Amino acid sequence: MTDDAYLFFVDGSAPPLGAPVAAVGELACLETPAVRAWLDAHGVTADSAGLRLLPPEETGSIPEGAEKLPVPLSDEELSRLRHALAPGALARMEEELLAYRDCAGERDALLTRAVAAGLAPHRIVELTGEDPGTVASAAAAQRPGRPSASGPLRR
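Attention in this report is confined to the structure presented alongside it. All values reported here derive from a predicted model rather than from experimental measurement.

## Notes on the sheet that holds strand 2 (residues 19-20)
Consideration 1: With antiparallel pairing, 4 strands are arranged side by side in an open sheet as 2-3-1-4. Looking at strand neighbours, the two that pair on one side only are strand 2 and strand 4 (68-71), the edges of this open sheet.
Consideration 2: Direction of pairing for strand 1 (residues 5-9) relative to strand 3 (residues 51-54): antiparallel, over a ladder of 4 bridges. When the bridges of strand 3 are listed, Phe-9 appears paired with Leu-51.

## Brief notes about the pattern of salt bridges
Consideration 1: Per the stated rule, a full pass over the model turns up 4 salt bridges.
Consideration 2: For Glu-76, the salt bridge is made with Arg-80, and the minimal N-O distance between the two is 2.7 Å. Linking Glu-76 with Arg-80, this pair stays in helix 3 (residues 75-85), spanning 4 residues, or about one helical turn.
Consideration 3: By relative accessible area, Glu-76 is classed as partly exposed at 35%.
Consideration 4: Given a relative accessible area of 12%, Arg-80 falls into the buried group.

The rules we used
Residues numbered from 1 in each chain as written. Predicted model: local features only at pLDDT ≥ 70, side-chain atom pairs only at ≥ 80, totals over all residues. Heavy atoms only, no water. Pairing = 2+ DSSP bridges. Helix = DSSP H or I, 4+ residues; strand = E, 2+ residues; numbered from the N terminus. Salt bridge = Lys/Arg side-chain N within 4 Å of Asp/Glu carboxyl O. Buried < 20%, exposed > 50% of the residue type's maximum accessible area, 1.4 Å probe, protein only.

Shown next, in the form of structure tokens:
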């Protein structure tokens, strides 16, 4: 097993394996010269349908002979990747947000997790009844390259 995740290509006939890079969100490794050169050499972009990503513990399932490249991911990026691979992850998150309406505990953490899971801010507002500005603050705190909000989110 390796400590790196792997970018790799799958053809249209292969069963779905790994997560599409676009489903994981922005990744710092995609801006490195090595990854950019690898993508350029294959004539693809990061949002290409056949480009997939697997976490370190699943790289053994990459098909033999597949074009692949090891990439380091931050803990947060790795968490997003694993979440994107979890079956029903968005449905479970929506259920949790609906339950949130009846419970005020851990609001900030729940909103942050919902944004990180990839739920659209307008859908989070619908499911929680939260103020759109509060949800927007949680979304802004999740964007890479932006300073995270200091202190708790305000109602």
